[in-house]
Amino acid sequence: KGYGITVYGNVYTGSYRESVVEFRKKGFERGYYENSSVPTLKVRGFLSTVIAPSVREGLQSLLCCAGLGVLRPNTLVLGYKEDWKNEMRMEEKKLASDTGDLTVNNYVDMIRDGFKMGMGVMVCRNLKKLEWNYEAETTDKTIDIYWLVDDGGLTLLIPYILSLHVWWQQRTGAGERKVPLQLILVGDIDSCNTVQTLVDLFRIPCKIKRCPLNLGKTSEALEKYSKPKVVAKVREESKGKLEHWLKIGELIQTESKNALMVFVTLPYPLVGIEPELYMKWLDALSTTVPTVLIRGNNENV
């Protein structure tokens, strides 16, 4: 199987004039990265480091320039900002934070920047809970998928690609059942039928489980705004959506508490949604098990 391009982005914060000598001393201009701690995973790719005044500005440069010609990444992968609650408390008390320029506002803006560049976005949390280095044990664990909104198919494609790798097959019992993926459909009958049709179209083998919740039509309850381009209206309406995301978070904790990994649709950070509220949504969806919040750029994959 071939490999797509992987670029590990790194931002060295500071001014170019004051930082370039130290930048070269540390070897940041060397462009190859490999992590051999888990040999079977073959974690390797290009390392791209930029000097920028802030992490967000560095990310914007990487989004523009990472890759070579048409060989460019199409998905931005970020870690989850675990310290966001502490930072918000510090801000309320008017105290200085030790997070530098990577504030909650900037973090949410970075997710938004990825979408504006036409990329899919993945936010990863609790991956350290996976026992990467231990011998595989035969289990009946699954890779669970909560595909809440049609995003072009990335939310379904990435878990499927993972399930083909021997590392994941050994840990999900795929060799016996052949179907390590479990797609959990949330919403009313019409919403579930729509997703079922898309799954059949992609011809991806997965076990399907329906878990209707009292959310109304999922797309309306979670993603539809009466005036999505009016900041004040988005801010007002988004406050009423917290309960919906909390319900889905509770469902994930109940239905996927024994899953090896969970993939769930990443909420779109429309301009107007307060950063603290948005982080509450992400927190609710990814509290316990290894989770990837994922969303495509609405282009079919």
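What this report covers is the structure whose coordinates are included nearby. Computed from a predicted structure; not experimentally measured. (Residues numbered from 1 in each chain as written. Predicted model: local features only at pLDDT ≥ 70, side-chain atom pairs only at ≥ 80, totals over all residues. Heavy atoms only, no water.)

Details of the overall build of the protein
To be explicit about the condition: We count a stretch as a helix when DSSP gives it H or I for four or more residues in a row; a strand needs E for two or more, and each element gets its number in order from the N terminus. Throughout this description, buried means an accessible area under 20% of the type-specific maximum (1.4 Å probe, protein chains only), exposed means over 50%, and partly exposed covers the range between. Accessible surface is estimated by sampling points in the Shrake-Rupley manner with a 1.4 Å probe; for residues, cover comes only from the protein chains shown.
The helix and strand tally for the protein stands at 12 helices and 10 strands. By the burial criterion, 43% of the 301 residues in the protein qualify as buried. Accessible surface for the protein amounts to roughly 16600 Å². Of this, 52% is attributable to carbon and sulfur atoms.

Some remarks on helix H12 (residues 275-285)
One full turn of an α-helix is made of 3.6 residues, so residues set three or four places apart face in the same direction. When you tally the buried positions in H12, you get 8 out of 11 residues, the bulk of the element. By the burial criterion, the buried members of H12 are Leu277, Tyr278, Met279, Trp281, Leu282, Asp283, Ala284 and Leu285.

Looking at the sheet that holds strand S2 (residues 32-35)
In any sheet, the strands associate via hydrogen bonds between backbone groups, in a parallel or an antiparallel arrangement. The line we're drawing: Each pair of strands is called paired provided DSSP finds at least two bridges between the two strands. Note on definitions: angles span 0 to 180 degrees between N-to-C directions of axes, and those axes are lines fitted to C-alpha atoms, for helices only across the stretch in contact. Between two residues, a contact is recorded if the distance between any of their heavy atoms is within 4.5 Å.
If you trace the 3 strands from one edge of the open sheet to the other, you get S1-S3-S2, paired in mixed fashion. Every interior strand has two partners, whereas the edge strands, strand S1 (7-13) and S2, have only one. Between one strand and the next, the sheet's axes are offset by a mean angle of 35°, whatever the strand orientation. The pairing of S2 with strand S3 (residues 43-52) spans 4 bridges and is classified as antiparallel. If you follow Tyr33 over to S3, its bridge partner there is Gly45. Contacts from helix H1 (residues 16-25) reach S1 and S3 within the one sheet, and its direction differs from that of S3 by about 145°. Across the face of the sheet, helix H2 (residues 55-65) comes into contact with S1 and S3 while running at roughly 140° to S1.

Describing the sheet that holds strand S4 (residues 75-79)
Taken in spatial order, the 7 strands line up as S4-S5-S10-S9-S6-S7-S8 in an open sheet, and their pairing is mixed. Of all the strands in the sheet, just S4 and strand S8 (207-211) have a single pairing partner and so form its edges. The mean inter-strand angle of the sheet, taken between neighbouring strand axes irrespective of direction, is 20°. By the bridge criterion, 5 bridges tie strand S5 (residues 120-125) to strand S10 (residues 291-295) in an arrangement that is antiparallel. By the bridge assignment for S10, Val121 is matched with Arg295. Running at roughly 125° to S10, H12 makes contact with S5, strand S9 (261-265) and S10 of the sheet.

Considering the nonpolar core
Rules: To define a nonpolar core, start from buried Ala, Val, Leu, Ile, Met, Phe, Trp, Tyr and Cys residues and group those joined through side-chain atoms within 4.5 Å.
With 42 residues, the main nonpolar core has Ile111, Tyr146 and Leu266 as its most contacted residues. Every residue in contact with Tyr146, bar those within four places of it in the chain, is listed here: Thr155, Ile184, Val186, Leu251, Ile252, Glu255, Ser256, Val262, Phe263, Val264 and Thr265. Within the second largest apolar cluster, 26 residues are counted, among which are Leu41, Cys124, Leu185 and Leu260.

Some points on the side chain of Asp144
Rules: Think of it this way: Lys and Arg go in the positive column, Asp and Glu in the negative one, and His and the chain ends go nowhere. The working definition used for a salt bridge is a side-chain nitrogen of Lys or Arg within 4 Å of a carboxyl oxygen of Asp or Glu. Distance and chemistry together define a polar contact, namely a pair of N or O atoms within 3.5 Å, with one atom able to donate a hydrogen and the other to accept it when in protein, and with adjacent residues in sequence counting only for side-chain atoms on both sides.
With respect to the element layout, Asp144 can be found in strand S6 (residues 143-146). Notably, Asp144 is buried but unbridged: the nearest opposite-charge side chain belongs to Lys207, and the N-O separation is 7.3 Å. A polar contact of 3.1 Å, which involves the side chain of Asp144, links it to the side chain of Gln182. Among the polar contacts listed, one links the side chain of Asp144 to the side chain of Ser256, at a separation of 2.7 Å.

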